[in-house]
Amino acid sequence: MDIPALSIMLNQSQVQQQANLPVMKMAMNTAQQNSANFTKMLEQSVQPHLGSQIDLKL
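By convention here, each chain's residues receive numbers from 1 onward along its written sequence. In keeping with the model being predicted, local features are shown solely for residues with a pLDDT of at least 70 and side-chain atom pairs are shown and tallied solely at 80 or more, while totals for entire chains, interfaces and linings include all residues. Side-chain metrics rest on all non-hydrogen atoms present in the structure, leaving aside hydrogens and water.

Peer 1: Residue-level account of the overall build of the protein, with values.
Peer 2: When its secondary structure is counted, the protein shows 1 helix and 0 strands. We take the radius of gyration over the C-alpha atoms and set the globule estimate at 2.2 Å times the residue count to the 0.38 power. Relative to the 2.2 N^0.38 estimate, which gives 10 Å for 58 residues, the radius of gyration of the protein is 27 Å and therefore markedly larger than a compact globule would have. Classification of residues uses two cut-offs on accessible area relative to the type maximum, computed with a 1.4 Å probe and protein chains only: under 20% is buried, over 50% is exposed, and between them is partly exposed. Taken over 58 residues, the protein has a buried fraction of 0%. Secondary structure is summarised from DSSP: a helix means a run of H or I of at least four residues, a strand means a run of E of at least two, and numbering begins at the N terminus for each.

Peer 1: Break down a nonpolar patch on the surface for me, with residues and values.
Peer 2: Candidate patch residues must exceed 30% relative accessible area and have no salt bridge, after which like charges are joined if within 9 Å and Val, Leu, Ile, Met, Phe, Trp or Tyr side chains if within 5 Å. Every accessible area reported is derived by Shrake-Rupley at a probe size of 1.4 Å, with residue values counting cover from the shown protein chains alone. Within this document, salt bridges are pairs made up of a side-chain nitrogen of Lys or Arg and a carboxyl oxygen of Asp or Glu, the two lying within 4 Å of each other. Taken together, the side chains of Ile3, Leu6 and Met9 define a hydrophobic patch exposed on the protein surface, amounting to about 310 Å² of accessible area. Examined against the element boundaries, Ile3 turns out to sit in helix α1 (residues 3–45).

Rendered as structure tokens:
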């Protein structure tokens with residue numbers, strides 16, 4: 001068993017995991033911002049004056 005190679009592999013996997021966490025946090029923050037912006041856009045697209053009056057002729 002090659003101990004130095006095993007140690008290097010273990011350290012590389014730890015560095016990779018440490019790098020993945022900030023990237024995942026950035027992706028989660030971006031998704032949260034996108035969903036907030038989408039919700040805001042949907043709220044602004046609602047036009048309350050449309051459909052409030054109906055013209056009926058008998």
